[in-house]
Amino acid sequence: MRESGIDYEAVFHTLPSAAALLTPQLVYADANEAYLRLSGRAREQLLGMHLFDVFPDNPDDPDASGMRNLKASLLRVVESGTRDSMALQRYDVEAPDRPGVFEERYWSPVNAPVLDPDGKVVLIVHRVEEVTELIRARSRQDAGDRHQLMEAELYTRARELQEVNERLRQAHARERQVALALQEAMLPAPRPVGHHRAAVRYRPAVGALNVCGDWYDLAELPGDRIAVAVGDVVGHGLPAAGVMGQLRSALSAAVCVADGPATALDVVDQYARSIEGAESTTAVQAIVNWDSHTITYSSAGHPPPALLHPDGTVRFLDRATDPPLGARPEHVPRPQSDSAFIDGANLVLYTDGLIERRGEDIDTGLARLTECLTRHPAADADALADYLLSQLIPPGGNTDDTALVVIRL
């Protein structure tokens, strides 16, 4: 197999440790000689077979967990596309010449992905080092080889650390699930806004620790008007999701009674000062008026909305930008601006996860967004939203949450 100029099979067969190639379905694709020797299996006994059909848990050991732990590690690699080093594992192996007889064995496994050019996991390199003798040496009271005993002690300590890391990973995964559920519960479900066409999208960040406080909001106003907002709370996890819910609700209420977007952000700016974790939140609020064919907007340090005209030109609404919420030591009225539009245009509001990349200037991200928009000036809201996500979110997933709203004008 050769991808991006690298012959993965050649690299795989030169690995000094025992290693096997598995498909994402955990079926053997290949194994090197060291792996065959350690496992006591011939290559034809492995190729095309499911890993756990060849190496099941010891049915006579009710506490056996090797298969469960290894499966969890391999599936993490498939899902995340990242390497996973496992804790020291006891995983008994059936003797090849004695069916039904399992030998006590200890292993130190490392699983790593092989990615295609699009970042998709196509194979898993499953590397194992057997440490059975080291574990046995530690348990022997009369062992005289101090060097061997020290090695066994190091392996045992490494296993304990890996077990602590696994518990932390599970705790973070639970927190991420709760935060995502909280975000989904607080964000409004997609629905028609009057008779106008709008599309909303939300994509959580990849990784257990990256759940953030991005939000969007849409509301009907008197007359042929709608209010639309997006925002981004600094921080991660449950605290950010909680702050997001408070600020989104406050801005949604304020814009319904304020005399414009700037006044609504002024109100929420004062409110944000009383909420821990709300400082430096960015948000943009806009009101679309079809009677006057104008968009009135105000931004609190947020990336500018994009107005895509039917002829393919793009204009960023950046003439009413002020610092983020709670950033000024004293209250100063926020600016507000108007922009005209014609029928058939699209208004695009988004959070920075759509355009920003580490080590890259924001202007580069805005240019990339502009290029994508100019290709589809006639697309409807749903088609344009899907296209932007497919083109602007990296193949391996975004490292920051992304909220996106597209309104057909």
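Above this note sits the structure.
Residues numbered from 1 in each chain as written. Predicted model: local features only at pLDDT ≥ 70, side-chain atom pairs only at ≥ 80, totals over all residues. Heavy atoms only, no water.

Draft legend 1. Summary view of helix α10 (residues 362-374). Taking 1.5 Å as the rise per residue, α10 with 13 residues should run 18 Å; its terminal C-alpha atoms sit 19 Å apart, in good agreement. Taken together, the buried positions of α10 are occupied by Gly365, Leu366, Leu369, Cys372 and Leu373. Looking down the long axis of α10, one finds its buried residues gathered within 120° of arc, a one-sided arrangement. Check the buried side of α10 and you find it contacts β16 (306-308), β17 (314-316), β20 (346-350) and α11 (381-392). (Helix = DSSP H or I, 4+ residues; strand = E, 2+ residues; numbered from the N terminus. Expected span 1.5 Å × (residues − 1). Buried < 20%, exposed > 50% of the residue type's maximum accessible area, 1.4 Å probe, protein only. Arc of directions from axis to C-beta. Contact = heavy atoms within 4.5 Å.)

Draft legend 2. Just the sheet that holds β16, in detail. Within the open sheet, the five strands sit side by side as β11-β21-β20-β16-β17. Their pairing is antiparallel. Two strands bound the open sheet, and with one partner strand each, they are β11 (197-203) and β17. Across this sheet, the average inter-strand angle for adjacent strands is 15°, counted without regard to direction. For β11 and strand β21 (residues 402-408), the ladder comprises seven bridges, and the chain directions are antiparallel. Note on β21: the bridge partner recorded for Arg201 is Leu404. (Pairing = 2+ DSSP bridges. Axes fitted to C-alpha atoms, helices over the stretch in contact; angles between N-to-C directions.)

Draft legend 3. Spotlight on helix α9 (residues 261-272). Relative to the 16 Å expected for 12 residues at 1.5 Å per residue, α9 spans 16 Å between its end C-alpha atoms, a close match to the ideal helical length. When we look at burial in α9, the residues that qualify are Pro261, Ala262, Ala264, Leu265, Asp266, Val268, Asp269 and Ala272.

Draft legend 4. Highlighting the pattern of salt bridges. Under the defined criterion, the tally for this structure stands at 18 salt bridges. For Glu103, the salt bridge goes to Arg105, with nearest N and O atoms at 3.5 Å. Arg105 sits in the buried class, given a relative accessible area of 11%. The closest approach of N and O atoms between Asp322 and Arg328, which form a salt bridge, is 2.9 Å. Linked through salt bridges whose partners overlap, the residues forming this network are Asp97, Arg98, Glu103, Arg105 and Glu130. (Salt bridge = Lys/Arg side-chain N within 4 Å of Asp/Glu carboxyl O.)

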